[in-house]
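Chains, contacts and geometry: an overview
This is what each chain is made of:
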Amino acid sequence: MEQKLHTPEGVRDIYNRECAIKLALQKKLNTVLHLYGYQDIQTPTFEYFDVFRKEIGSTSIRDLYKFFDREGNILALRPDITPSIARAVATLFETENFPIRLCYAGNTFINHSSYRGRLKENTQLGAELIGVDSIEADAEMLAMVVDGLKKTGLKEFQVSIGHVDFIQSLFEATNLEDEQKEEIRTLIANRNFFGVEEILDHYEIADQVKEAFHQLPELTGGPEILADAGRIAPGEAARLAVERLRQIYDLLKIYGVEDHVTFDLSMSGSYGYYTGIIFRAYTYGTGDAVVRGGRYDHLLEKFGKKTPSIGFAIILDELMSALDRQKIKVETGHRNLLVYTDATEQWAISLARSFRAKGKNVEMMKRNSWDERETFEAYGKRSSVASMLYLDYGKKDGEWLPNKYGGNENLDAIEFFKHLNSVIHGSYPGVMTIAEESTAWPKVTGEPKDGGLGFSFKWNMGWMHDFCEYMKLDPYFRKDNHYKMTFAMTYNDSENYILPLSHDEVVHLKCSMVNKMPGYEVDKYANLRVGYTYMLG
């Protein structure tokens, strides 16, 4: 038996239109970064292990892909591109005193545990502003994130901003050991604030500090929450952090991007090298943030250059998933098919050259005398059940033949389904036939004697789409979309519907059901439980 090779777990092949979309997004985003004055840089896919050592504060060393070279040096595939940029800048721009603006695109590799169901190879596109510690630099990066996401066609998204000094001041005020602080940090990351309060109650901690942690879940929202944050700030560093966020917001209003900005003072950042503002961009239709970034003023010191820095990375795989789920079309250009014969070969080549000279994509395919035209039409099409029901599927007037009644119904196909279902139900009572049908064809589950096709049930594809679209929304956006959960009731009696969740919803970059849900991990499972309860109820 022939052995078929497949990709290892956590990595995947990207091809055809999906690959074209990815490259188109990279081009759009690069255009925005270049418009802000950023220049391209490429760093190696693997580095010496020391570039990502524990002290750097990047990905946990147990999640690195490590290996040896011939000389016995320990190398690692990059899990995060920022440390590579820091290493390169410290080496290549050692004496540069002016701001350095760099942008990049590349793949990162993290050896996630298999049970997480996450990709182990992701493509990131990002920017780094090195040599400036100012509110102007912070605002520039945030404005660039908003402009970049809007350039891709994304409309409904929020960039959530926090500050390391604020949350770190709260941790320091507890006077707890590092182990307890880390446990609290993990609970906050999972939005488990009840767990935080349980830990704090076990230790002698000032009531003022406990109250600050109690207020932490409320410090999420628009600029109005900054006043509340300032009142509970446990020290000077926290108060300065809040004031900096306020000044940054004033600049973002001048940029005209404030509608896409919110604050979350409970955010602590995913990397240990963050030192100032931190931010993430969220939208619906993806299981994680589509952008991660922040200030890292001490990272370059570890490579020999003392200078402040700030940057972000757009996770292209998450962004593609969101655009796909939100039905946002990404223009990738048109590919044309030119079919020719021996007799027309010279003319075809000349024509193809002319088209290509004008920037037109042309694929040439030679036709044999016995090949039917339909063979080439099928090559470029995707079919569905509707194509078997409609003779004019994908055809214009004059390209299809009417049936004996003058209509476009495939009468033979209709009679086949009627006969099939009549025989099955007559010979095997209790057996169900279920139609996965996505058009408005009437009476799919109607009795054949009444003009129906005779299926027992029909998938309610409209409900499935609306249900998934609603559940992946952040609760903030759901209030304007309740109709998605009720619209199916308006046509529920027209067929014998069942509520499906198609495998198509979890393949081709669409992620698992739990990862469609918004929020942190604990929120995702809670949302999915609610969704399944609604579905089964």
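Please refer to the structure higher up on the page.
Residues numbered from 1 in each chain as written. Predicted model: local features only at pLDDT ≥ 70, side-chain atom pairs only at ≥ 80, totals over all residues. Heavy atoms only, no water.

Next up on the list: the nonpolar core. Of all hydrophobic cores here, the largest spans 73 residues; its most connected members are Phe166, Phe213 and Phe312. Among the elements that line this core, the one with the most residues is helix α3 (residues 135-151), at 10 residues. Discounting chain neighbours no more than four positions away, the residues touching Phe312 are Leu33, Tyr104, Gly126, Ala127, Glu128, Met141, Met144, Val145, Phe279, Val291, Arg292 and Gly293. The next biggest cluster of nonpolar side chains, apart from the first, holds 28 residues, and it includes Ile41, Phe49, Ala90 and Ile100. (Core = buried A, V, L, I, M, F, W, Y, C linked by side-chain atoms within 4.5 Å. Buried < 20%, exposed > 50% of the residue type's maximum accessible area, 1.4 Å probe, protein only. Helix = DSSP H or I, 4+ residues; strand = E, 2+ residues; numbered from the N terminus. Contact = heavy atoms within 4.5 Å.)

Right, let's get into the packing of helix α8 (residues 225-232) against helix α9 (residues 236-255). In the contact formed by α8 and α9, the axes pass within 9 Å of each other and the chain directions differ by 165°. Judged by the angle between their axes, α8 and α9 are roughly antiparallel. In this structure, α8 meets α9 at a crossing whose hand is left-handed. Across the interface between the two elements, Leu226, Ala227, Ala229 and Gly230 of α8 pack against Arg239, Val242, Leu245 and Arg246 of α9. Tallied by class, residues from the contact of α8 with α9 come to five nonpolar, one polar and two charged. (Axes fitted to C-alpha atoms, helices over the stretch in contact; angles between N-to-C directions. Parallel < 35°, antiparallel > 145°, perpendicular 65-115°, else oblique. Left-handed = near helix turned anticlockwise from the far one by under 90°. Nonpolar A, V, L, I, M, F, W, Y, C, P; charged D, E, K, R; others polar.)

Next up on the list: the packing of aromatic side chains. Across all of its chains, the model carries 11 aromatic pairs by this definition. Look at Phe46 and Phe67: their rings are 5.7 Å apart centre to centre, the planes differ by 70°, and that puts the pair in the edge-to-face class. Placement of Phe46 in strand β2 (residues 46-48) and of Phe67 in strand β3 (residues 66-68) is noted, with a sequence separation of 21 residues between them. A residue is classified by how much of its surface remains accessible, and Phe46, at 44% relative accessible area, is partly exposed. Taking 5.7 Å as the distance between ring centres and 55° as the angle between the ring planes, the aromatic pair formed by Phe416 and Phe417 counts as tilted. Looking at Phe417, the relative accessible area reads 12%, which means it is buried. Put simply, the rings of Tyr273, Tyr274 and Tyr296 pair up and form one aromatic cluster. Here Lys479 stacks its cationic end above the ring of Tyr476, 4.1 Å away from the centre of that ring. (Phe/Tyr/Trp six-rings, centres within 6.5 Å; stacked < 30°, edge-to-face > 60°. Lys NZ or Arg CZ within 6 Å of the ring centre and 35° of its normal.)

Further remarks concern the side chain of Lys22. With respect to the helices and strands, Lys22 occurs in helix α1 (residues 16-35). Residue Lys22 is classed as buried on the basis of its relative accessible area, which comes to 10%. Sequence-distant contacts of Lys22, that is, excluding residues within four places in its chain, are made with Ile14, Thr123, Asp317 and Met320.

Within the secondary structure, Lys449 is located in the loop between β15 (434-435) and β16 (457-459). Overall, the relative accessible area of 72% leaves Lys449 in the exposed class. Placed 27 residues apart in sequence, Lys449 and Ser422 show a C-alpha to C-alpha distance of 9.8 Å.

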